[in-house]
Amino acid sequence: MRAKTTCLTLAVSMFMGVTAQADEVSFNDALLGGKFSGDINTVIQFGSESDAGISAGPMSDTKTANTALSLKYETANFNGFKFGAAVQAGYDWKLDDGQPWQVQGEDDERNSIQSINLQNAYIAYAFDPEATKSTIRIGRQDIISPLVMRSSMYPMKDAFDAVVLTNKDISGTTFKLMYLENWRKRYGDSSNNSILEKDARFDGSVYSIYINNNSVKGLNIEGQYLSNDSDSTLAGDPPTNFFTSGPYDTTFLALNYKIPESQVVLGTMYVDADYDKGADTDLWGARVATKFGKLGVTLAYTSTDDANSLPGTLGHVP
């Protein structure tokens, strides 16, 4: 832990050294010029009873409703720096029977949260654009990518304590390097005390490399690699977390191509996972999508290896 703190201190000192040469900007002006934003979301969820057992997870026989209010603030640019924070509050409408799904109740805890917690708290820095189109964000933040994701399905949101470096120096290409310290779950002071609700403090390194390229007209290429060396943390949302354990590496690749002068999009996707313990697995899929006026139609097919151990996405996602 001491080494990590030292590295962070050196990084901040380096940034301060760079910005000290820039034109002086009033911090008060940066605070007063910041932006407030917010949203309020409600999700009502009903699920029929399933005989699929643990594979169905909390979606079986669920009756839940949750509303969450999120308030966010980010300062204006202060010599390349921005500071951001967000607070969220959730309210449970008590549609369930009060029993958690692990004991055969109907309460999907992901959508029945009554809590107030700190959603985001970060420092962001934009490097000199004449030298590089790069930004770095340090602290509790939202991450949305194929293999690391804050879910948008439920009103309350997760976050990650992380360092994320984003670079756009290559035309049409976004590159991200992510290092994750903790997975901050959205439950706050929930009284259910479920293992699914406790923040995940990774006991090993968790990092990811992400790239998105659309330099060829009509073609989008998206790829990501994730290495999770943590030995004691479940890999994600139920039910997949029950079938994955121990360190693993996983790779994601997706290609989507829009046929010129048409509304037709062809897509393909491949994911594989390599475990230190347990059976390796993979998934592939293909799709065809088109539009008829305002009506969109998609035909898709996916196939998963019988090992039944695909970790999916790290974070609370469906």
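Here the structure is a predicted model, which is why all the values come from computation and not from measurement.

### Points about the overall build of the protein
Logical step 1: Along the backbone of the protein there are 2 helices and 13 strands.
Logical step 2: In the protein, 58% of the contacts between residues at least 6 apart in sequence involve partners at least 24 apart.
Logical step 3: Only carbon and sulfur atoms are counted for the fraction: they give 58% of the accessible area of the protein, which is about 17,600 Å².

### Overview of the side chain of Ser309
Logical step 1: Structurally, Ser309 is set in the segment after β13 (295–304).
Logical step 2: Polar contacts involving the side chain of Ser309 include one to the main-chain carbonyl oxygen of Ala279, which spans 2.9 Å.

### What to know about the confidence of the model for the protein
Logical step 1: Looking at the protein as a whole, its pLDDT mean stands at 84, while 81% of the residues score no less than 70.
Logical step 2: Here residues 1–22 is modelled with pLDDT under 50, and outside its nearest four sequence neighbours on either side it reaches 12 contacts, counting other chains as well.

### Quick look at the packing of aromatic side chains
Logical step 1: Considering all chains together, one arrives at 10 aromatic pairs under this definition.
Logical step 2: Ring centres of Phe81 and Phe83 lie 6.3 Å apart, and the angle between their planes is 15°; on these two criteria the pair is classed as stacked.
Logical step 3: Using a relative accessible area of 7% as the deciding quantity, one classes Phe81 as buried.
Logical step 4: Here the aromatic rings of Trp284 and Tyr301 are separated by 5.6 Å at their centres, their planes lie at 55°, and the arrangement is tilted. Placement of the pair is Trp284 in strand β12 (residues 281–292) and Tyr301 in strand β13, with a sequence separation of 17 residues.
Logical step 5: Taken together, Phe27, Phe78, Phe81, Phe83, Tyr125 and Phe127 form an aromatic cluster joined through their ring pairs.
Logical step 6: The aromatic ring of Trp183 is capped on one face by Lys185, whose charged end is 4.4 Å from the ring centroid.
Logical step 7: A cation over a ring is seen here: Arg186 above Tyr187, with NZ or CZ 5.9 Å from the ring centre.

### Quick notes on the nonpolar core
Logical step 1: Within the largest apolar cluster, 23 residues are counted, with the highest numbers of intra-cluster contacts made by Ile143, Phe160, Leu180, Phe202 and Leu314.
Logical step 2: Mapped by element, the contributors of at least two residues to this core are β6 (159–167), β7 (173–184), β8 (200–213), β10 (248–258) and β11 (265–275).

### Observations concerning the pattern of salt bridges
Logical step 1: Here the structure, examined in full by the defined rule, presents 6 salt bridges.
Logical step 2: The residue Asp92 makes a salt bridge to Lys94 at a minimum N-O spacing of 3.8 Å.
Logical step 3: Judged by relative accessible area, which is 6%, Asp92 ranks as buried.
Logical step 4: The class of Lys94 is exposed, set by a relative accessible area of 57%.
Logical step 5: The salt bridge involving Arg150 is made with Asp142; its shortest N-O contact spans 3.2 Å.
Logical step 6: Residue classification places Asp142 among the partly exposed positions, given a relative accessible area of 22%.
Logical step 7: Linked through salt bridges whose partners overlap, the residues forming this network are Arg140, Asp161 and Arg184.

### Observations regarding the side chain of Thr173
Logical step 1: Relative to the helices and strands, Thr173 resides in strand β7.
Logical step 2: The exposure class assigned to Thr173 is buried, which follows from its relative accessible area of 10%.

### Looking at unusual backbone geometry
Of all residues except glycine, most have a negative phi; of all peptide bonds, most are trans.
Logical step 1: You will see that Asn79, though not glycine, has its phi angle at about 55°, which is positive.
Logical step 2: Note that Asn79 resides in the loop between β2 (63–74) and β3 (81–92).
Logical step 3: Asn79 gets classed as buried once you look at its relative accessible area, which sits at 18%.
Logical step 4: Even without being a glycine, Glu261 presents a positive backbone phi close to 55°.
Logical step 5: Residue placement: Glu261 occurs in the loop between β10 and β11.
Logical step 6: Here Glu261 falls in the exposed class, since its relative accessible area comes to 87%.

### Some remarks on the environment of Arg137
Logical step 1: Topologically, Arg137 is positioned in strand β5 (residues 134–141).
Logical step 2: Separated by 27 residues in sequence, Arg137 and Val164 have C-alpha atoms that sit 5.3 Å apart.
Logical step 3: With sequence-adjacent residues up to four places away left out, Arg137 is seen in contact with Glu74, Tyr122, Ile123, Ala124, Ala162, Val163 and Val164.

### Regarding a negative patch on the surface
Logical step 1: Taken together, Asp203, Asp229, Asp274, Asp276, Asp280, Asp305 and Asp306 make up a surface patch of like negative charges.
Logical step 2: Looking at the element boundaries, Asp203 is found in strand β8.

### A short note on the pairing of β12
Logical step 1: Here 9 bridges tie β11 to β12, and the two strands are oriented antiparallel to one another. In the sheet register, Thr268 faces β12, and the bridge partner there is Ala286.
Logical step 2: If you look at the hairpin formed by β11 and β12, you'll find 5 residues sitting between the two strands, and Gly278 has a positive phi there, around 95°.
Logical step 3: In this sheet, β13 lies alongside β12 in antiparallel orientation, the contact comprising 10 bridges. Note on β13: the bridge partner recorded for Gly285 is Thr302.
Logical step 4: Here β12 hands over to β13 after 2 residues, with Gly293 in that stretch at a positive phi of 65°.

Cut-offs used in this document
- Residues numbered from 1 in each chain as written.
- Predicted model: local features only at pLDDT ≥ 70, side-chain atom pairs only at ≥ 80, totals over all residues.
- Heavy atoms only, no water.
- Helix = DSSP H or I, 4+ residues; strand = E, 2+ residues; numbered from the N terminus.
- Contact = heavy atoms within 4.5 Å.
- Areas by Shrake-Rupley, 256 points an atom, 1.4 Å probe, with all protein chains shown as cover.
- Polar contact = N/O pair within 3.5 Å; in protein donor to acceptor, adjacent residues only side chain to side chain.
- pLDDT = per-residue confidence, 0-100.
- Phe/Tyr/Trp six-rings, centres within 6.5 Å; stacked < 30°, edge-to-face > 60°.
- Buried < 20%, exposed > 50% of the residue type's maximum accessible area, 1.4 Å probe, protein only.
- Lys NZ or Arg CZ within 6 Å of the ring centre and 35° of its normal.
- Core = buried A, V, L, I, M, F, W, Y, C linked by side-chain atoms within 4.5 Å.
- Salt bridge = Lys/Arg side-chain N within 4 Å of Asp/Glu carboxyl O.
- Patch = residues over 30% accessible without salt bridge, like charges linked within 9 Å, V, L, I, M, F, W, Y side chains within 5 Å.
- Lys, Arg positive; Asp, Glu negative; His and termini not counted.
- Charge placed at Lys NZ, Arg CZ, Asp CG, Glu CD.
- Pairing = 2+ DSSP bridges.

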